Amino acid sequence: SPSYALNNGESTNLDLSATGTCPSGDSGSPGGGGSSGTSTLTTLQTSNLETTDKEFHFYEFIDASEKISFFITNRTLAFTEVGFNVKKKTNNATVTISRLEKLPHYVSSLNDVYQYLLVETENLENNIKNVEIKFKVLKSWLNTKKYDKESVALIRYHDGWSTLNTTLVNEDNSYVYYTVKSP
């Protein structure tokens, strides 16, 4: 399970999500195939990343039995809601979600990405479980790209890209809404 740690510009582990389309059977990796083997953490300097539209959520205390859920108020971010549990009680936890302007040179890019989002946490190292993310995609973007709304997937970067099981849940005049469970 990934470590989600942010130490204000010190080394941290990258947990990155992208929304876009992924052909059936594609793992989300640039070459289209799956990967196997042992997984290691990708470490980078977060102070070097160009991000915008940051949103912070701070929790003074989270009990192990408590379900945390918060709405994303910044409407420019594709994520609309994030929920999770912690394995053990924790204090002074922070979750930050921001949009990446560009990927670090050592992270392979994907085609047809709606948004690259960076999720960083503090004081939640190896302590998150049952993550659920709700997000939206503009219908106008789907129409311009000529994509089927059923083909949208949340793709997560952690030692490589992997496509998460994404479910279309609703739509309105402007957006299509999805939900996904993340490791």
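For the structure itself, look to the data block above.
Here is a short report on the structure shown in this document. (Residues numbered from 1 in each chain as written. Predicted model: local features only at pLDDT ≥ 70, side-chain atom pairs only at ≥ 80, totals over all residues. Heavy atoms only, no water.)

## Considering the packing of aromatic side chains
Under the convention used in this document: For this analysis, a ring pair means two rings from Phe, Tyr or Trp (six-membered ring only for Trp) whose centres lie within 6.5 Å, classed as stacked if their planes differ by under 30 degrees, edge-to-face if by over 60, and tilted for the remaining angles. The numbering of helices and of strands both runs from the N terminus, where a helix is a DSSP run of H or I of at least 4 residues and a strand a run of E of at least 2. Burial status follows relative accessibility: with a 1.4 Å probe on protein chains alone, a residue under 20% of its type maximum counts as buried, one over 50% as exposed, and anything between as partly exposed. For a Lys NZ or an Arg CZ to count as sitting over a ring, it must be within 6 Å of the ring centre and within 35 degrees of the ring normal.
A complete count under the given rule lists 7 aromatic pairs for this structure. Relative to Trp161, the ring of Tyr116 has its centre 6.1 Å away and its plane inclined at 45°; by these criteria the two rings are tilted. A residue pair is termed long-range when its members are at least 10 positions apart, and Tyr116 in strand β8 (residues 113-122) and Trp161 in strand β11 (residues 161-163) qualify at 45 residues. You can call Tyr116 buried: its relative accessible area is 14%. Measuring from ring centre to ring centre gives 5.2 Å for Phe135 and Tyr178, while their planes differ by 20°; the resulting arrangement is stacked. Here Phe135 is found in strand β9 (residues 128-138), whereas its partner Tyr178 is found in strand β13 (residues 175-182), with 43 residues between them in sequence. Clustering of aromatic rings is evident, with ring pairs tying together Tyr114, Trp141 and Tyr147. Lying across the ring of Tyr175, Lys136 places its NZ or CZ 4.8 Å from the centre.

## A look at the pairing of strand β7 (residues 90-100)
One face of the sheet, then the other: side chains in a regular strand alternate in exactly this way. Heads up, the condition is: When DSSP locates at least two bridges between a pair of strands, those strands are taken to pair.
Judged by how many residues are buried, β7 sits mostly within the fold: 8 of 11 residues are covered. Bridge count between β7 and β8: 6 bridges; the pairing is antiparallel. If you follow Ile97 over to β8, its bridge partner there is Val119.

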